[in-house]
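# Secondary and tertiary structure notes
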Amino acid sequence: MSEDVRLVAWVRGHVQGVGFRWFTRAKALELGGLSGFALNLADGRVQVVAEGPREGCQGLLDWLQGADTPGRVDGVTEIWDTPRGGYDGFAIR
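None of the values given here were measured: they were computed from a predicted structure.

What follows concerns the packing of aromatic side chains. A complete count under the given rule lists three aromatic pairs for this structure. Pairing Phe20 with Trp63 gives two aromatic rings, centres 6.1 Å apart and planes at 35°, and the pair type is tilted. Here Phe20, found in helix 1 (residues 20-31), pairs with Trp63, found in helix 2 (residues 54-65); they are 43 residues apart in sequence, far enough to count as distant. The same class applies to Phe20 and to Trp63, which are both buried. Between Trp22 and Phe23, the ring centres sit 5.0 Å apart and the planes meet at 85°, which makes this aromatic pair edge-to-face.

Summarizing the sequence annotation, UniProt attributes the feature "domain: Acylphosphatase-like" (unreviewed entry) to residues 6-93 in the numbering used throughout. With 27% helix and 41% strand, residues 6-93 has end C-alpha atoms that lie 18 Å from one another.

Reading the values: rules and limits
Residues numbered from 1 in each chain as written. Predicted model: local features only at pLDDT ≥ 70, side-chain atom pairs only at ≥ 80, totals over all residues. Heavy atoms only, no water. Phe/Tyr/Trp six-rings, centres within 6.5 Å; stacked < 30°, edge-to-face > 60°. Helix = DSSP H or I, 4+ residues; strand = E, 2+ residues; numbered from the N terminus. Buried < 20%, exposed > 50% of the residue type's maximum accessible area, 1.4 Å probe, protein only. UniProt positions renumbered as here; feature names shortened; annotations may be inferred.

See below:
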């Protein structure tokens, strides 16, 4: 049985205005079992919150840090925590 976790990631680089949140949502749905959101921040970063199986959250983090994202990712800072719930699917905010 898989442990459910909460991943909060802040993605910096050229990640706004390039469809980053849309592709992040699509990747989360592709991985399956994830809920949360992707949000543009005023400082140019994108915040990603994902809850679900550890394997799915790790897969999303690997994708965020990889070369297949839109735009240009200069770095990702992440925090792992226990799930808080309250999300209905994976949203773009």
